[in-house]
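Now for the letters of each chain:
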There are 2 protein chains.
Amino acid sequence: MQNEPDLNKFRPVDEQLAILMRGVDCGDPRTRDNMEKELGDRLAGSRDSGKPLRVYCGFDPSRSDLHLGHTIPMRKLRQFQELGHQVVFLIGSFTGTIGDPSDKDSARAQQTLAEALDKAETFAAQAFRILDRDATIIDYNHRWLEKLTFGDVIDIASLFTVQQFLARHNFRQRQERGDAIWLHEFFYALMQAQDAVALETDVQIGGTDQLFNLMAGRKLMEARGMKPQTVLTYPILPGTDGVLRMSKSSGNTINIDDDPGLMFTKVLNLPDEVVPLYCDLATRWDKATLDAAQHRGQDDIAGVKRDLAKEIVSTFHGNDLAEQAVADAARMHGGNAPSSAPVVDVSEPMSVLDLLADASLVKSRGEGRRLVAQGGVRLNGATVSNPMLKVHPQPGQEQVLQAGKTRFLRLTHPMPKVQRAS
Amino acid sequence: MQNEPDLNKFRPVDEQLAILMRGVDCGDPRTRDNMEKELGDRLAGSRDSGKPLRVYCGFDPSRSDLHLGHTIPMRKLRQFQELGHQVVFLIGSFTGTIGDPSDKDSARAQQTLAEALDKAETFAAQAFRILDRDATIIDYNHRWLEKLTFGDVIDIASLFTVQQFLARHNFRQRQERGDAIWLHEFFYALMQAQDAVALETDVQIGGTDQLFNLMAGRKLMEARGMKPQTVLTYPILPGTDGVLRMSKSSGNTINIDDDPGLMFTKVLNLPDEVVPLYCDLATRWDKATLDAAQHRGQDDIAGVKRDLAKEIVSTFHGNDLAEQAVADAARMHGGNAPSSAPVVDVSEPMSVLDLLADASLVKSRGEGRRLVAQGGVRLNGATVSNPMLKVHPQPGQEQVLQAGKTRFLRLTHPMPKVQRAS
C-alpha cells in the first residue's frame, strides 16, 4: 500500500483555514469568499492525497533592507510551512530589472540582473528570520522569464486589455495626473502570471496592491489549461506615521535590523488607530490573544502597545532581548511615553550637544556637557560618552535622544516623498 | 581609384526630391518640411558617395488580394528604384501573426506564421506588377523578431509611454467607444521599430495611418545610436464610394486582378471629388500632366475620369487592353454613365434572368431570355450566353449587368463593416 495517504499528516481543514484566512483581504468580500472556498477544497484534496500544497510569494529584490511591511507575506508563508505545506520564496530576479509599479506612483529605475541578484542575497538571508530555511525552496524568476521569446510575450499579452491595466488604481492616478506610464510597466503583471504557470502553484500570497498581478496569474493558468491558483492578499501595513505605506522612501519603517530598544520605542510610538491592524498582521498571537488585546485596548491602549512591541521585538530578536527592552523602557521612560516628546528634523549630522541645547533639553551647553559626563544622556537607549558625538540623519528611522529621566527628543529625517497606503 | 564615386549615377537632388516628395503627407507641414530636408541631405550624401539609399516598406500579408490602395506605397518604392536606390519589400511575416491595428477599429484575429507566409507568397507575386523584381530585396521580419527575448522587448517598450499609444487616433476612438484594446496590439509599433533597426534603413514608406509606427522606428534607431530613418507617409486612398478607406471588408476595392472592363468601369464611377487624389496617388503622370488634368477637370470631369481609368488599367493590364477598355466603354455606354444605374445588393447567388426580371430591366422573363439569346446581355463586359448563369456575391467588387445598350444594373455585396478613411 505504497500510496496510502497518511491521514494524520495535515491538520483538519477548518483549523488550517482559520489560521490561513486570518487577515485576508481580496478587495471585495465575494472574492474573499470564493478564495476561502477554493482554499478549503485544495486543503481537503491535500489531506486526501497526502500531498502538500505548493504556495509562493514573489519578492522584489530592489530593496536590500527588510522592514516589518515585507514580513507580512513571509509570516503567512511561515504559517503554511508550519501546517506542512511547500513554500517557494521567489526572488524577482527578472522582474526586479523592471521594478514593480504596483506600489509606486512613478516609474522606477531599471536595474541589471547582476544588481538584482546581489540585493536578493541579503534579502533572502534576512527572510530566514521568519521562514524555516530548511523547508523553503528559493527560486529565481529569471530562470524562465529570460527564456521567453517575443512570440511568447505576445501570446500572454493577448489575454489582457489596456483598459484592464488603466483601471488599476496606481495607473489611473498617474494617468489622471498626466504622469508618464511607460509601456514596459504593464509587463510586470505578465511576468507574475508566467511565474505562477512556471511554478505550477496552488496558492499565491501578496499584498492587496498585488491583487491585479495575482489575478493575472489565474487568467494565464486557465489559458494554459491549468487549475488557476488560489489568491490570498493581505492589507498593506502602514508605517510608524500610521498613514503612509511602510517604505524606506517614506522614512517610516520599522526595520528588522533595528536594535531591540529602537524597535520597541518605534512600536510604542505608533498612533493608537493602527494598533489593531499591527496586532492582526504583525504578531504570532492566536485568536484568543488577539480578542483579548482588542478588548483591553479600549481602556489600556498603552498596555496593548507594550505587549505588541514586546511581541514584535521577540519575533526578530528573541524573547530575552524583548524582556530586556521592556525593562529598559520602564526604567528610561519612568512612566512618560516618548510619544509626547518634541520632534526634531535632522537633515544633516549634528552633535548631541547641539541637539540638547537647540531643543532646550538642557539650560546651557555647560549643563549638557555635565549631564553627558554623568552618564545621563542616551541615544537610542545607549549611553552617550562624548557630547560631540555626531547624530547622523537616518532616513526611515526615528531616533530617540534622552536627557535625564524625563526629557526626550524624537529625531526624524525629512521624508523625500509622500505616498498613501492603499 | 577604386572608390571614385560615379557622379552620373544619380540624378540631381532637386529632381529626385520633386518626384519622391509628391503626395507626401506627414500629418503636420512642419514634419513634412523636416523630412524633405532630411531626404535632401541623404540624397546629396548618396550622390557624393555613389551609394544608393536603402528604402523599405512593410506589407501585412494578412490579405492575399492586392487592391489599388496597397499599390500607393509600392508605386513610391518603384520611383526610388527608378532613381537608382535600393528597395526592400518587407513581408510582415511576424507582425502578420498579430495584425496591424492601425487601420482597424477593432482587434484582428491572429494567424500563424505558416498562414502568414502562405499569403505573403501570392501577395509578393502581385506586387511585382509594380515593382522591378530584379531590383527588389524581399525580406521577412520573423527573421529577427522571433529571436527577440522578453528582455529585448522590455528594453524597446521602455522607450514609449502608454499615453503616446492612447493618443493615436484609432486607439483613442476605441477607448472612447469602450471597445477592448488588447495589450499585444501596442506591440505592433515596437516591431516596426525593430524592423527599421534590423534593416538599417535610410527611408521608410507608409500610409499616413502608419506615421506613429514609422516614428517609433526613428526613436528606436536613435536609442541604438543609429541615424534615424527619414519617414515618408502618403494619404490613404478612399475606395469606390469615395468616403471609406479602400478595403476588402468595406467592399469598395479596385483589385489589381479585376479584368480591364470592370476596372475601367469602377474608375469611371468614382465620385468626382476623389478624382484629384486618385490622379495624384494612383497614376504615373508627371507634374505637367497632373496640372493639365486638374485644370481640365473643372469643365470636363468625365473626360478626366476616362483618362484616369485608362491610365490605371494600363498600369495593371498594359496599354493595349486599356485602349480596348476605352473603346468597349464608348460602345457599351452610348454616352450614358453607369453611375446613374440602379444598385442591387447580391447577398446570395442569383441567376442573370432573375436579376434582369426583378429589377425590371426587362418587361418579362421571356424578353430576358430572348435578349440573352441575341447576345444583348453582358455581365462585367462579357456577353452572357445562358440566362440561368449564376451571379455570385463578390465582397469588395462591384459587378455590372447590362441589358441592351442603355440599361444597367450595379451589383454590390452588402458591406460587413463600415470604417472611415482617415
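Keep in mind that this is a model prediction, so the values were computed, not measured.

Residue and element names in this part refer to chain B. Extensive coverage of helix α11 (residues 260-268) is indicated by the burial of eight of its nine residues. Turning to α11, its buried residues number three or more, namely P260, L262, M263, F264, T265, K266, V267 and L268. Capping of α11 at its N-terminal end is provided by D259; its side-chain oxygen lies 3.1 Å from the backbone amide nitrogen of G261.

Residue and element names in this part refer to chain B. Structurally, C26 is set in the loop between α1 (13-20) and α2 (29-49). On the accessibility criterion, C26 (2% relative accessible area) is buried. Excluding residues within four positions of it along the chain, C26 makes contact with T31, R32, M35, L211, V231 and T233.

Given two aromatic rings, their pairing is described by the distance between the two centres and the angle made by the two planes. Counted according to the given criterion, the structure contains 21 aromatic pairs over all chains. Ring centres of A:F59 and A:F89 lie 4.5 Å apart, and the angle between their planes is 20 degrees; on these two criteria the pair is classed as stacked. Of the two residues, A:F59 is situated in strand β1 (residues 54-59) and A:F89 in strand β2 (residues 86-91); the sequence distance between them amounts to 30 residues. Both residues of the pair, A:F59 and A:F89, count as buried. Judged by centre distance (6.0 Å) and plane angle (50 degrees), the rings of B:F59 and B:F123 are tilted. Linking B:F59 in strand β1 (residues 54-59) with B:F123 in helix α4 (residues 113-127), this pair joins segments that are 64 residues apart in sequence. No difference in accessibility class separates B:F59 from B:F123, as the two residues are buried. Among the aromatic side chains, those forming a connected cluster through ring pairs are A:F94, A:F150, A:F187, B:F94, B:F150 and B:F187.

Attention now goes to the relation of the copies chain B and chain A. Here the two chain copies are tied together by a rotation about an axis and a shift along that axis. Mapping chain B onto chain A calls for a screw motion: a turn of 179 degrees about the axis and a shift of 0.1 Å along it, with 0.2 Å RMSD after fitting. Viewed as a symmetry operation, the transformation between the two copies matches a two-fold axis. Identified as the residue of chain B closest to the rotation axis by C-alpha distance is B:T149, at 2.0 Å. Same-surface contact between copies: 100% of interface residues of chain B are shared with the interface of chain A.

Residue and element names in this part refer to chain A. Scored by pLDDT, chain A comes out at a mean of 86, with 89% of its residues at no less than 70. Within chain A, the lowest mean pLDDT, 80, falls on strand β9 (residues 382-383), and the highest, 96, falls on helix α2 (residues 29-49). Within the model, the stretch residues 103-108 combines pLDDT values under 50 with 24 contacts to residues more than four positions away or in other chains. Predicted confidence for residues 418-422 stays below pLDDT 50, and this span has 17 contacts to residues more than four positions away or in other chains.

What follows deals with the pairing of strand β11 (residues 399-403) of chain B. Residues and elements named next belong to chain B. Burial analysis of β11 places five of its five residues in the buried class, which makes it a mostly covered element. The two faces of β11 match: Q399, L401 and A403 on one face and V400 and Q402 on the other face are all buried. With three bridges connecting them, strand β8 (residues 377-379) and β11 associate as antiparallel partners. Its bridge partner lying in β11, R378 is registered against Q402. Once β11 ends, the chain turns through three residues before running back antiparallel as strand β12 (residues 407-412), passing G404 with a positive phi of about 65 degrees.

So, on to the sheet that holds strand β2 (residues 86-91) of chain B. Backbone hydrogen bonds are what pair the strands of a sheet, in a parallel or an antiparallel way. All names here are of chain B. Spatially, the five strands line up as an open sheet ordered β3-β2-β1-β4-β5, and their pairing is parallel. Where the open sheet ends on each side, the last strands, each with one partner, are β3 (136-140) and β5 (230-234). In this sheet, neighbouring strand axes are inclined to one another by 25 degrees on average, regardless of whether the strands run parallel or antiparallel. With respect to the sheet, α2 is in contact with β4 (203-207) and β5, its orientation differing from that of β5 by roughly 125 degrees. The strands touched by helix α9 (residues 187-199) within the sheet are β1, β2, β3 and β4, with β1 carrying the most contacts at an inclination of about 150 degrees.

Turning our attention to the pattern of salt bridges. For the structure shown, the criterion picks out 44 salt bridges over all chains. For B:D280, the salt bridge goes to B:R22, with nearest N and O atoms at 3.7 Å. Remark: B:R22 occurs in the loop between α1 and α2 and B:D280 occurs in helix α12 (residues 275-282); sequence separation between them is 258 residues. The class for B:D280 is partly exposed, based on a relative accessible area of 29%. The network of salt bridges with common partners includes A:R296, A:D300 and A:D307.

Here we come to the interface of chain B and chain A. Where interface size is given, it is often the accessible area lost as the parts come together that is meant. The interface of chain B with chain A comprises 31 residues on the first partner and 31 residues on the second. Between chain B and chain A, a total of about 2,700 Å² is buried, with carbon and sulfur atoms accounting for 76% of that surface. Of all residues in chain B, B:F150, B:I154 and B:L183 bury the most surface against chain A, accounting for 27% of the area lost on that side. Between chain B and chain A we count zero salt bridges in total. Viewed at the interface, chain A and chain B are joined by 10 residue pairs in polar contact (both at pLDDT 80 or more). Contributing elements (two or more residues each) for the side of chain B that touches chain A: α6 (150-157), α7 (162-166) and α9 of chain B. With five residues, α6(B) is the largest single contributor of residues to the side of chain B that touches chain A.

Moving on, we get to the sheet that holds strand β6 (residues 343-345) of chain B. Residue and element names in this part refer to chain B. In spatial order, the strands read β6-β12-β11-β8-β9; together these five strands make up an open sheet with mixed pairing. Pairing within the sheet leaves two strands with one partner each, and these edge strands are β6 and β9 (382-383). With five bridges connecting them, β11 and β12 associate as antiparallel partners. Within β12, the residue paired with L401 across the bridge is L409.

On to empty space enclosed by the protein, then. Residues and elements named next belong to chain B. Applying the stated criterion across every chain yields a total of six cavities of 30 Å³ or more. In this structure, the largest cavity spans a volume of roughly 100 Å³. As for the largest cavity, its lining consists of R22, G23, I72, R75, K76, Q79, Y234, D280, L281 and T283. When contributions to the lining of the largest cavity are tallied by element, the ones reaching two or more residues are α3 (68-82) and α12. Examining the composition of the lining of the largest cavity, we find that four residues originate from one element, α3, more than from any other.

Residue and element names in this part refer to chain A. If you trace the backbone, Q81 turns up in helix α3 (residues 68-82). By relative accessible area, Q81 is classed as buried at 10%. Put simply, Q81 and K51 are 30 residues apart on the chain and 13 Å apart in space, counted from C-alpha to C-alpha. With residues near it in sequence (within four places) discarded, Q81 still touches V87, L131, D132, A135 and T136. Among the polar contacts listed, one links the side chain of Q81 to the backbone oxygen of A135, at a separation of 3.4 Å.

The rules behind each value
Residues numbered from 1 in each chain as written. Chains lettered and ligands numbered in written order. Predicted model: local features only at pLDDT ≥ 70, side-chain atom pairs only at ≥ 80, totals over all residues. Heavy atoms only, no water. Buried < 20%, exposed > 50% of the residue type's maximum accessible area, 1.4 Å probe, protein only. Helix = DSSP H or I, 4+ residues; strand = E, 2+ residues; numbered from the N terminus. Polar contact = N/O pair within 3.5 Å; in protein donor to acceptor, adjacent residues only side chain to side chain. Contact = heavy atoms within 4.5 Å. Phe/Tyr/Trp six-rings, centres within 6.5 Å; stacked < 30°, edge-to-face > 60°. Least-squares fit on C-alpha atoms with pLDDT ≥ 70 in both. pLDDT = per-residue confidence, 0-100. Pairing = 2+ DSSP bridges. Axes fitted to C-alpha atoms, helices over the stretch in contact; angles between N-to-C directions. Salt bridge = Lys/Arg side-chain N within 4 Å of Asp/Glu carboxyl O. Buried area = accessible area lost by both parts, 1.4 Å probe. 1 Å grid on protein atoms, 1.4 Å probe; cavity = no way out; pocket = protein on both sides within 12 Å on 5 of 7 lines; lining within 4 Å. Points joined across faces, edges and corners; volume = space filled by probe spheres on them.

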